[in-house]
Amino acid sequence: MISFSLRTLCLVILLVLPTMARGQEIDWKTTVGEAVHTLQRYLRFNTTNPPGDVTEAAGFLQTILEKEGITVTQYEAAPGKINLTSRLKGSGDAKPILLLHHMDVVPADASRWNGVNPFGGELKDGHIWGRGAIDMKGTGVLQLYAFLTLARQKISLDRDIIFMAVNDEEIGGTMGTRYMLDHHYAELDPEYVLDEGGFGSREIFVDGKLVFGISVAEKRALWLRVTARGTAGHGSQPHDQNPNDKLMRALDRLFSQPFPTIPNPALDALVSQLGPLAKNRFTNAIEGTTVSLTSLQSGVGDPPKANVIPSLATATLDARLLPGMDAEAFLQEVKTRLGGEIEVEVIHPASQSVVTPHDTPMFRSLSNAISRHHPDATVVPMIIPYGTDSRMFRLRGAKCYGILPLVLSTELATSIHGDAERIPVDQFETGIRIYYDTLVEMTAR
Ligand SMILES: [Zn+2]
């Protein structure tokens, strides 16, 4: 009798709480322990790009997945340039959800890491340190353990969930996401992609307020080389055809006033929910057009002679435009400000950029999951100032959201690509659970 009513009760719970996990109670402590250990080992594979050989890192992920009885497929775009997918099968009632991360990392100068080995996977002061700890092996491991937990709970899904690890993101994605989209898109064809980009912060968006920004779009990079030509001569006799003087005056004109920008719905949604943003380089970058002077080159000889006026001076500019901004009109404005004497060459044209709408079930599920674990959080859509692989998926029609579901201090958020990259271990559980809850809400039948 008792067992019958318990079974009835269980059935009722399953019917009324369709998003509840259906397997045994999840031992999050053990799961987190595994995830921490896995990330430490994952960081020890030096996947610096270039050259970006991820063979061993991919093999490592494959072993973990296969140990759980999950099939893995590897796609070798070129020697060492491996991409990997693994899939939890659903009923096919909806298109897949793709968990995306990249295995390659940017170089690390070990001499600047204060005694920490950037490829040591060290656990110190409550953080796992190393190149890729946040960007993006750490994110990948949180995704992996949400994925493995779903598999272990044997939750029946209404759509496939694909775990995908790619190479080459840090150098443009040619052998990674680009390759997969060109050769294997039909096998993926996701409705949603969860990728890097957004994060939670108590400082960066509004000081003292916990905000999770989920990225829905990216700014577009437009890179320019500008050149001034003049007449070479002896440094003892200045004249008005010195290309250095011309370039300095032109750049001064270029930066003397703010750059034109355009209104943007994602930005408007963010500001209307949060009010005025904190003033820092991140919010400055997401609010409008930016231009960085990234290099200056001039002089005759190496090292340049101090007493020779050269005939050529060049600079490179990294401009970042909001989605929808007219790149051609912007380029004309730059040329006008620099003046007719300066040559302007486009070395990287602004790519197309698609904005993912945030009025979707996935955005709501992410928001719900974040709010469940951080009741004081405000969740907003945002634009990110740098590029990720999501831009290619967006152009193919997938809805992409970038989120590392952790609360990062400014120091941690800016440790990406820096000399102290690390991820806080005490947030692993909430990080995995935010992914897990989101996937259960989106897929459990
Ligand atoms: Zn990244």
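How each quantity is defined
Residues numbered from 1 in each chain as written. Predicted model: local features only at pLDDT ≥ 70, side-chain atom pairs only at ≥ 80, totals over all residues. Heavy atoms only, no water. Helix = DSSP H or I, 4+ residues; strand = E, 2+ residues; numbered from the N terminus. Rg over C-alpha atoms; globule rule 2.2 N^0.38 Å. Buried < 20%, exposed > 50% of the residue type's maximum accessible area, 1.4 Å probe, protein only. Contact = heavy atoms within 4.5 Å. Areas by Shrake-Rupley, 256 points an atom, 1.4 Å probe, with all protein chains shown as cover. Lys, Arg positive; Asp, Glu negative; His and termini not counted. Charge placed at Lys NZ, Arg CZ, Asp CG, Glu CD. Donors = N, O, S within 2.8 Å, 3.2 Å for Na, K, Ca; no water. Tetrahedral: all angles 85-135°; square planar, octahedral: opposite > 155°, others 65-115°. Domains from an automatic or database assignment. Buried area = accessible area lost by both parts, 1.4 Å probe. Salt bridge = Lys/Arg side-chain N within 4 Å of Asp/Glu carboxyl O. Polar contact = N/O pair within 3.5 Å; in protein donor to acceptor, adjacent residues only side chain to side chain. Expected span 1.5 Å × (residues − 1). Axes fitted to C-alpha atoms, helices over the stretch in contact; angles between N-to-C directions. Parallel < 35°, antiparallel > 145°, perpendicular 65-115°, else oblique. Left-handed = near helix turned anticlockwise from the far one by under 90°. Nonpolar A, V, L, I, M, F, W, Y, C, P; charged D, E, K, R; others polar. Pairing = 2+ DSSP bridges.

(A) Just the overall build of the chain, in detail. A count of helical and extended segments in the chain gives 13 helices and 18 strands. Against the 2.2 N^0.38 benchmark of 22 Å for 445 residues, the chain shows a C-alpha radius of gyration of 25 Å, consistent with a compact globule. Principal axes of the C-alpha set define a box for the chain whose edges measure 105 × 45 × 45 Å. Of all 445 residues assigned to the chain, the portion counted as buried reaches 53%. In the chain, the share of contacts with a sequence separation of at least 24, taken over all contacts with a separation of at least 6, comes to 81%. Within the structure as shown, the chain displays about 19800 Å² of accessible surface, and the carbon and sulfur contribution to it stands at 53%. The positive charge centre, built from 42 side chains, and the negative charge centre, built from 51, are 2 Å apart in the chain.

(B) The coordination of the zinc ion, seen in detail. The coordination sphere of the zinc ion, as far as protein atoms go, consists of His102 (NE2), Asp135 (OD), Glu196 (OE) and Glu196 (OE), spread over 1.9 to 2.5 Å. Geometry at the zinc ion is irregular, judged from the four donor atoms that bind it and their angles of 55 to 149 degrees at the metal. Read from N- to C-terminus, the donor residues coordinating the zinc ion fall into the pattern H-x32-D-x60-E. Highlighted residues: histidine 102 in strand E3 (residues 97-102) and aspartate 135 in the loop between strand E5 (127-129) and helix H4 (137-152), separated in sequence by 33 residues. Across this residue pair, the class does not change: histidine 102 and aspartate 135 are buried.

(C) Highlighting the domain arrangement of the chain. Here the chain is partitioned into domain 1 (22-198 + 355-443) and domain 2 (220-348). Domain 1 and domain 2 are separated by 35 Å when their C-alpha centres are compared. At the boundary of domain 1 with domain 2, total buried surface from both sides reaches about 1000 Å², with 78% on carbon and sulfur atoms. Looking at the side of domain 1 facing domain 2, the largest losses of area belong to Val380, Ile383 and Pro385, adding up to 50% of the total buried there. For the pair domain 1 and domain 2, the number of links is zero salt bridges. Where domain 1 packs against domain 2, one counts two residue pairs in polar contact (both at pLDDT 80 or more).

(D) Seen up close, helix H3 (residues 55-67). With 13 residues, H3 ought to run about 18 Å at 1.5 Å a step, and its terminal C-alpha atoms sit 18 Å apart, in line with that. For H3, every residue scored as buried is listed here: Ala57, Ala58, Phe60, Leu61, Gln62, Ile64 and Leu65. Considering only its buried residues, H3 is in contact with helix H2 (28-43), strand E1 (72-78), strand E2 (81-88), E3, H4 and strand E6 (161-166). A positive phi of about 80 degrees marks glycine 69, the residue just after H3.

(E) The arrangement of the pattern of salt bridges in detail. In total, this model carries 25 salt bridges according to the counting rule given. Of the charged contacts, one joins aspartate 189 and lysine 95 as a salt bridge, the two residues approaching to 3.1 Å between their closest N and O atoms. With aspartate 189 in the loop between helix H5 (177-188) and strand E7 (192-195) and lysine 95 in the loop between E2 and E3, this residue pair connects regions lying 94 residues apart in the sequence. The exposure class assigned to aspartate 189 is partly exposed, which follows from its relative accessible area of 29%. The class for lysine 95 is partly exposed, based on a relative accessible area of 40%. Ionic pairing is found between glutamate 333 and arginine 337, a salt bridge with its closest N-O pair at 2.7 Å. Of this pair, glutamate 333 and arginine 337 both sit in helix H9 (residues 327-338), separated by four residues, roughly a single helical turn.

(F) Looking closely at the packing of H4 against helix H13 (residues 428-443). Where H4 meets H13, the axes come as close as 8 Å, and the angle between the chain directions of the two elements is 55 degrees. In terms of their interaxial angle, H4 and H13 are classed as oblique. As H4 packs across H13, the resulting crossing turns out to be right-handed. Side by side, H4 and H13 meet where Thr139, Leu142, Gln143, Tyr145, Ala146, Thr149 and Leu150 of the first sit next to Phe428, Gly431, Ile432, Tyr435, Tyr436, Leu439 and Val440 of the second. Class assignment of the residues belonging to the contact of H4 with H13 gives a composition of ten nonpolar, four polar and no charged.

(G) The arrangement of the environment of threonine 149 in detail. With respect to the helices, strands and loops of the structure, threonine 149 is situated in helix H4. The contact partners of threonine 149, leaving out residues within four places of it in the chain, are Ile26, Trp28, Thr31 and Tyr436.

(H) Spatial organisation of the pairing of strand E16 (residues 378-384). In terms of burial, E16 is a largely internal element, seven of the seven residues being buried. Residues of E16 alternate between two faces, with Thr378, Val380, Met382 and Ile384 on one and Val379, Pro381 and Ile383 on the opposite face, all of them buried. Where strand E9 (residues 209-218) lies against E16, seven bridges are found, and the strand directions are parallel. Counterpart to serine 215 in the pairing with E16 is methionine 382.

(I) View of the sheet that holds strand E18 (residues 422-424). Taking strand neighbours across the sheet as the criterion, the three strands line up as E4-E5-E18 in an open arrangement whose pairing is antiparallel. Looking at strand neighbours, the two that pair on one side only are strand E4 (123-124) and E18, the edges of this open sheet. Set on the sheet, H2 makes contact with E4, E5 and E18; between it and E5 the angle comes to about 15 degrees.

(J) Geometry of the packing of H2 against H4. Put simply, H2 and H4 touch, their axes get as near as 10 Å, and they point 140 degrees apart. By the angle class used here, H2 and H4 are oblique. The crossing of H2 and H4 is right-handed. For the pair H2 and H4, the contacting residues are Trp28, Thr31, Glu34, Ala35, Thr38, Leu39, Tyr42 and Leu43 in the first and Lys137, Gly138, Val141, Leu144, Tyr145, Thr149 and Arg152 in the second.

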